[in-house]
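Structure at a glance
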Amino acid sequence: MTSTAEPAVAARTAVPVPPRTPGQRGRRWRYAATVAVFLLPSAIPLMLYTIIPMLGSLWTSLHEWNLINEMRWVGLGNYAELLTDPQTLTAFGNTLYFIAGYLPLVYAGGLGLALLLNKAMRGRSLLRGIYFLPVITSWVVVALMWKWLLNPASGLVNWALGLAGITGPGWWTDPAWAMPAVILASAWKDLGFVMVILLAGLQAIPREYTEAALVDGASAWQRFRRITLPLLSPSTFFVVVISLINGFQVFDQVRIMAGANAQVVVTQIYDLTFRYGRAGMASALSWLLFAVVLIVTIVQIRAQRRWVTYG
């Protein structure tokens, strides 16, 4: 039987929480001030060059503005016009076309290089550096190089195809082949980045798992499918998210190599601003692109629970 005196005893024996003294509050404020001081070197540029321009772009998207005259308020008119504009749908379609061709190609190529360079071999460090070199090369240089390689009349690619009896396509001069040319150049440049990320993931996989599967008689394909791919899923998830975000923002290579033959969203934003003087509509299109990227990223983060294996 429980005594009614027990709650009273427990109340008397409970340790009281001491009130906060002015000295404690002062220490908390000094700690907060110290944190703020250390954050300022990165917070100030973030505010000046990212947050304020984003807010300015949002405000501009609600106006009609040619960068010279005064702004004229149109509210959501720019968004309504963009959503019914066939050029906007074409630009988003071409962007999705680029992603659909680029993402599988760059992932498969990067995974193949990572598996190859994860083995013990001579010159492995040198090869890693060589494959990573295009990643740090300017996109202008890479795009001009590939534009020369894919030149329909004098490019090395069509010359090699001619030796095999194949008539090379028009590549960046042909609207039907302009986007494949951009996809090929983009995948080649980013292979090194994907390779490094996946190589780090491969080296984090405990060797005991593979050795145990080998003892059990698992084939190379079974080890790859049942062990390597599931444990590589965190690195794969990171690569897919980053590649999708970069794919939606593709611009340099399209602008230099294909021009009007492969209009994507960011090139349309550029043209609306600097060719047609419609900065308000360009800002609205940039916010539509931001919304699409945000939604796609949220979907990926939620979907990772079904296929990403941690630990």
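Residues numbered from 1 in each chain as written. Predicted model: local features only at pLDDT ≥ 70, side-chain atom pairs only at ≥ 80, totals over all residues. Heavy atoms only, no water.

Remarks on the side chain of Gln 300
Within the secondary structure layout, Gln 300 lies in helix 14 (residues 279–307). The residues contacting Gln 300, other than those within four sequence positions of it, are Phe 237, Val 240, Val 241 and Leu 244. (Helix = DSSP H or I, 4+ residues; strand = E, 2+ residues; numbered from the N terminus. Contact = heavy atoms within 4.5 Å.)

So, the environment of Ala 258
Residue position: Ala 258 is located in helix 12 (residues 252–258). A relative accessible area of 8% places Ala 258 in the buried class. Linking Ala 258 and Trp 171, residues 87 residues apart in sequence, is a C-alpha distance of 8.7 Å. Discounting residues that sit within four places of it in the chain, Ala 258 has contacts with Trp 172, Ala 178, Val 182 and Gln 253. (Buried < 20%, exposed > 50% of the residue type's maximum accessible area, 1.4 Å probe, protein only.)

Remarks on the nonpolar core
With 59 residues, the main nonpolar core has Phe 98, Leu 198, Met 257 and Leu 285 as its most contacted residues. Counting only elements with at least two residues in this core, the list comes to helix 3 (77–83), helix 4 (86–117), helix 6 (139–149), helix 8 (175–203), helix 11 (233–248), helix 12, helix 13 (265–274) and helix 14. Excluding anything up to four places from it in sequence, Leu 198 contacts Tyr 107, Gly 110, Leu 111, Ala 114, Leu 232, Ser 235, Thr 236 and Val 239. (Core = buried A, V, L, I, M, F, W, Y, C linked by side-chain atoms within 4.5 Å.)

As for the layout of surface pockets
Taken as a whole, the largest pocket spans an internal volume of roughly 570 Å³. If you trace the largest pocket, you find 15 residues lining it, with Asn 118, Lys 119, Leu 202, Thr 210 and Thr 228 closest to the centre. Mapped by element, the contributors of at least two residues to the lining of the largest pocket are helix 4, helix 8, helix 9 (207–215) and helix 10 (220–231). Looking at the lining of the largest pocket, the element that brings in the most residues is helix 10, giving four residues. Per-class residue counts for the lining of the largest pocket are seven nonpolar, four polar and four charged. Taken as a whole, the second largest pocket encloses approximately 310 Å³ of empty space. Gln 249, Ser 286, Trp 287, Leu 289 and Phe 290 are, among the 13 residues lining the second largest pocket, the residues nearest its centre. Those elements that place two or more of their residues in the lining of the second largest pocket are helix 2 (22–60), helix 13 and helix 14. When residues of the lining of the second largest pocket are assigned to their parent elements, the largest contribution, seven residues, is made by helix 14. Of the residues that constitute the lining of the second largest pocket, the class distribution is nine nonpolar, four polar and no charged. (1 Å grid on protein atoms, 1.4 Å probe; cavity = no way out; pocket = protein on both sides within 12 Å on 5 of 7 lines; lining within 4 Å. Points joined across faces, edges and corners; volume = space filled by probe spheres on them. Nonpolar A, V, L, I, M, F, W, Y, C, P; charged D, E, K, R; others polar.)

Topic: the packing of aromatic side chains
For the coordinates displayed, the defined rule picks out nine aromatic pairs. Look at Phe 237 and Trp 307: their rings are 6.2 Å apart centre to centre, the planes differ by 65°, and that puts the pair in the edge-to-face class. A residue pair is termed long-range when its members are at least 10 positions apart, and Phe 237 in helix 11 and Trp 307 in helix 14 qualify at 70 residues. Judged by its relative accessible area of 12%, Phe 237 is buried. (Phe/Tyr/Trp six-rings, centres within 6.5 Å; stacked < 30°, edge-to-face > 60°.)

Looking at helix 13
Counted residue by residue, helix 13 has eight buried out of ten residues, so it is predominantly covered. Inspection of helix 13 places Val 265, Val 266, Thr 267, Gln 268, Ile 269, Asp 271, Leu 272 and Thr 273 among the buried residues, and these make up the whole buried set. Buried residues in helix 13 make contact with helix 4, helix 11, helix 12 and helix 14.

Comments concerning the packing of helix 13 against helix 14
Viewed as axis vectors pointing N to C, helix 13 and helix 14 meet at an angle of 165°, and their least axial separation amounts to 7 Å. Relative to helix 14, the element helix 13 is oriented roughly antiparallel. Pair helix 13 / helix 14 crosses with left-handed handedness. Here Val 265, Val 266, Gln 268, Ile 269, Leu 272 and Thr 273 of helix 13 come into contact with helix 14, specifically with Ala 279, Met 281, Ala 282, Leu 285, Ser 286 and Leu 289. Of the residues in the contact of helix 13 with helix 14, the class split is nine nonpolar, three polar and no charged. (Axes fitted to C-alpha atoms, helices over the stretch in contact; angles between N-to-C directions. Parallel < 35°, antiparallel > 145°, perpendicular 65-115°, else oblique. Left-handed = near helix turned anticlockwise from the far one by under 90°.)

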